[in-house]
Amino acid sequence: MDIVHKIGRRKTAVARIYLSEGTGNITVNKKDYKNYFTTGTLQYKVQQPLMLTENLESYDIKVNVYGGGVTGQAEAIRLAITRALVSINEEHRLVLKPEGLLTRDPRMVERKKFGQKKARKKFQFSKR
């Protein structure tokens, strides 16, 4: 099997993954993913597509991720891994699609408007 390269995005985070056959090592920015993502929730998000398809110890994954916060990065990695698994075996789509893992979350931060305090909040109007 060749190395599969896929990209996942979430908010402003971009994850590039390189998936190859191996023993289940996941490396994020040259660190083990358990050191990079310290909370169990984020570690679960990264492993989720592998657990659902029962490939937890079948592939080695090397990840380069930048931008956004840790949650956005974890979800970007999850999307990239999901896309890679579907490109390897089309039957994985039947398991991953109902879980919503193939959908790119389109929500982005709304820009701040001129003459306002924030994106939606206005300056207070006082009548004296």
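Every chain is numbered on its own, with residues counted from 1 as its sequence reads. Totals for whole chains, interfaces and linings use all residues, but because this is a predicted model, local features are given only for residues with pLDDT of at least 70 and pairs of side-chain atoms are given and counted only at 80 or more. With hydrogens and water set aside, each side-chain value is computed from the structure's full complement of heavy atoms.

## Details of the sheet that holds strand β2 (residues 13-21)
So, step 1. By the convention used here, strands pair only if DSSP detects at least 2 bridges between them. Where helices and strands are cited, they refer to DSSP runs of H or I of at least four residues and of E of at least two residues respectively, numbered from the N terminus. If you walk across this open sheet you meet the 5 strands as β1-β2-β5-β3-β4, and the pairing is mixed. Edge positions in the sheet fall to β1 (4-10) and β4 (31-32), since each has one partner strand and no second.
So, step 2. As paired elements, β2 and strand β5 (residues 59-66) share 8 bridges and run antiparallel to each other. The residue of β5 that forms the bridge with Arg16 is Asn64.

## Section: the packing of helix α2 (residues 40-52) against helix α3 (residues 70-88)
Helix packing for two helices is described by the angle between their axes and how far apart those axes are.
So, step 1. Lines are fitted to the C-alpha atoms to define the axes, a helix being fitted only along its stretch in contact, and any angle between axes, read from their N-to-C directions, falls within 0 to 180 degrees. Two elements in contact, α2 and α3, have axes whose closest approach is 8 Å; the angle formed by their N-to-C orientations is 10°. Relative to α3, the element α2 lies roughly parallel. Residue-level contacts link Leu42, Lys45, Val46, Gln48, Pro49 and Leu50 of α2 to Val70, Thr71, Ala74, Glu75, Ile77, Arg78, Ile81, Thr82 and Leu85 of α3.
So, step 2. Residues are grouped as follows: Ala, Val, Leu, Ile, Met, Phe, Trp, Tyr, Cys and Pro are nonpolar; Asp, Glu, Lys and Arg are charged; every other residue, Gly included, is polar. Among the residues making up the contact of α2 with α3, the classes are represented as 9 nonpolar, 3 polar and 3 charged. Angular relationships are summarised with four words: roughly parallel below 35 degrees, roughly antiparallel beyond 145, roughly perpendicular across 65 to 115, and oblique for the angles in between. We call two residues in contact whenever any of their non-hydrogen atoms come within 4.5 Å of each other.

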